[in-house]
Amino acid sequence: MKVILITGASSGIGFDAARQLAGQGHKVYAAARRVEKMEALKEYGVVPLFLDVTDEESCSAAVQQVLDAEGRIDVLVNNAGFGFYGAVENVEMEDARRQLDVNVFGLASLCRKVLPAMRAQGSGRIINIASVAGHFSMTFGGWYCVSKYSVEALSDALRMEVKTFGIDVSIIDPSAIRTPWGLIAADNLESCSAGTVYETRAAAQTAAFRKYFGGNYFSGPSAVTKAISKAVNARRPRVRYYAGRGARTLVFLHAVLPARWWDYLVNRFTTR
């Protein structure tokens with residue numbers, strides 16, 4: 001039995017992972033701003049916590065609450081994140097900073113909070129949910145991709161720094177997953193493109209997002225939960241796990257295709 005703290009657990013991947021990990025016999029603390037959304041997790045033995053990853057005091061309080069109750073934290077799953085889509089020219093700097101605050105600095109803050117306890121106990125695992133978007137950029141996804149590239153780089157550095165303390169760091173790279181994420185990204189893209197020179201192209205991509213994320217085209221959250229479960233339970237977890245349909249293929253294609261071919265394929269997909 002491991003003591004697990006997972007962020008962004010009010011819906012989608014985080015909610016599903018908390019439920020599944022608790023079902024495996026682990027003690028799971030599910031954290032998010034909307035605590036009421038996690039009430040249903042209590043029947044699985046999950047303990048809901050309030051957490052705003054952009055607030056240092058909130059991060060400290062959540063970690064301390066788990067330590068006070070359990071005396072240790074074996075696994076941190078950094079899952080909290082969101083997608084703010086829009087042309088680089090259009091996205092307000094305030095929104096760009098918020099994207100990085102949640103997806104990068106919030107993740108880093110929680111890593112910093114749990115590391116002293118993990119180091120003292122001589123073991124621990126940090127699992128960061130990145131994305132295939134941390135390997136390539138997409139039209140109108142510039143700031144989101146910046147955040148996920150950053151998670152990849154931060155995780156790689158952290159892994160090398162803490163290995164000698166018995167702490168493992170793994171990255172989960174999902175492809176597009178059927179969660180509210182895609183619909184939120186579409187709403188952001190639509191709102192920040194209205195009345196601009198990008199409006200027509202953005203409208204086509206918004207329609208595609210709503211079609212694909214609202215349908216049954218992509219893998220469900222369980223695909224990512226499966227990867228998280230492997231990273232939690234493996235005797236020797238991998239450095240990186242790919243999850244969801246086409247994740248490995250997309251990363252491979254970006255690595256081998258000429259840039260112009262890749263650009264063409266991305267634009268074709270996102271406007272169909």
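K.L.:
Provide a residue-level description of helix H3 (residues 93-121), including the pertinent values.
P.N.:
The end-to-end C-alpha separation of H3 is 41 Å, in line with the 42 Å expected for 29 residues at 1.5 Å each. For H3, the principal kink sits at Asp101 and spans about 40°. In the stretch just after H3, Gly122 is the one whose phi turns positive, near 80°.

K.L.:
Give me the sheet that holds strand S1 (residues 3-7): which residues, what numbers.
P.N.:
As summarised here, the arrangement of the 7 strands in space is S3-S2-S1-S4-S5-S6-S7, forming an open sheet in which the pairing is parallel. Looking at strand neighbours, the two that pair on one side only are strand S3 (47-50) and strand S7 (240-243), the edges of this open sheet. Looking at each pair of strands side by side, their axes are set apart by 20° on average, direction ignored. As paired elements, strand S2 (residues 27-32) and S3 share 4 bridges and run parallel to each other. Within the sheet, the bridge partner assigned to Tyr29 lies in S3 and is Val47.

K.L.:
Pulling in residues and values, what's your account of a positive patch on the surface?
P.N.:
A contiguous patch of positive charge, built from Arg33, Arg34, Lys37 and Arg98, is present on the exposed surface. Structurally, Arg98 can be placed in helix H3. Judged by relative accessible area, which is 40%, Arg98 ranks as partly exposed.

K.L.:
Outline the packing of aromatic side chains, supporting the account with residue identities and numerical values.
P.N.:
Across all of its chains, the model carries 11 aromatic pairs by this definition. Centroid distance Phe140 to Tyr198: 6.2 Å. Interplanar angle 90°. Geometry classified as edge-to-face. Of this pair, Phe140 sits in the loop between strand S5 (124-129) and helix H4 (142-162) while Tyr198 is found in the loop between helix H5 (180-193) and helix H6 (199-214), placing the two residues 58 residues apart along the sequence. What links up through ring pairs into an aromatic cluster is the set Tyr85, Tyr144, Trp181, Phe209, Tyr212, Phe213, Tyr217 and Phe218. Here the basic side chain of Arg98 rests over the ring of Phe82, its NZ or CZ set 4.6 Å away from the ring centre. In this structure, Arg119 packs its charged tip against the face of Phe165, placed 5.4 Å from the ring centre.

Conventions and cut-offs
Residues numbered from 1 in each chain as written. Predicted model: local features only at pLDDT ≥ 70, side-chain atom pairs only at ≥ 80, totals over all residues. Heavy atoms only, no water. Helix = DSSP H or I, 4+ residues; strand = E, 2+ residues; numbered from the N terminus. Expected span 1.5 Å × (residues − 1). Bend = angle between axes of the 7 residues up to and from the residue. Pairing = 2+ DSSP bridges. Axes fitted to C-alpha atoms, helices over the stretch in contact; angles between N-to-C directions. Patch = residues over 30% accessible without salt bridge, like charges linked within 9 Å, V, L, I, M, F, W, Y side chains within 5 Å. Areas by Shrake-Rupley, 256 points an atom, 1.4 Å probe, with all protein chains shown as cover. Salt bridge = Lys/Arg side-chain N within 4 Å of Asp/Glu carboxyl O. Lys, Arg positive; Asp, Glu negative; His and termini not counted. Charge placed at Lys NZ, Arg CZ, Asp CG, Glu CD. Buried < 20%, exposed > 50% of the residue type's maximum accessible area, 1.4 Å probe, protein only. Phe/Tyr/Trp six-rings, centres within 6.5 Å; stacked < 30°, edge-to-face > 60°. Lys NZ or Arg CZ within 6 Å of the ring centre and 35° of its normal.

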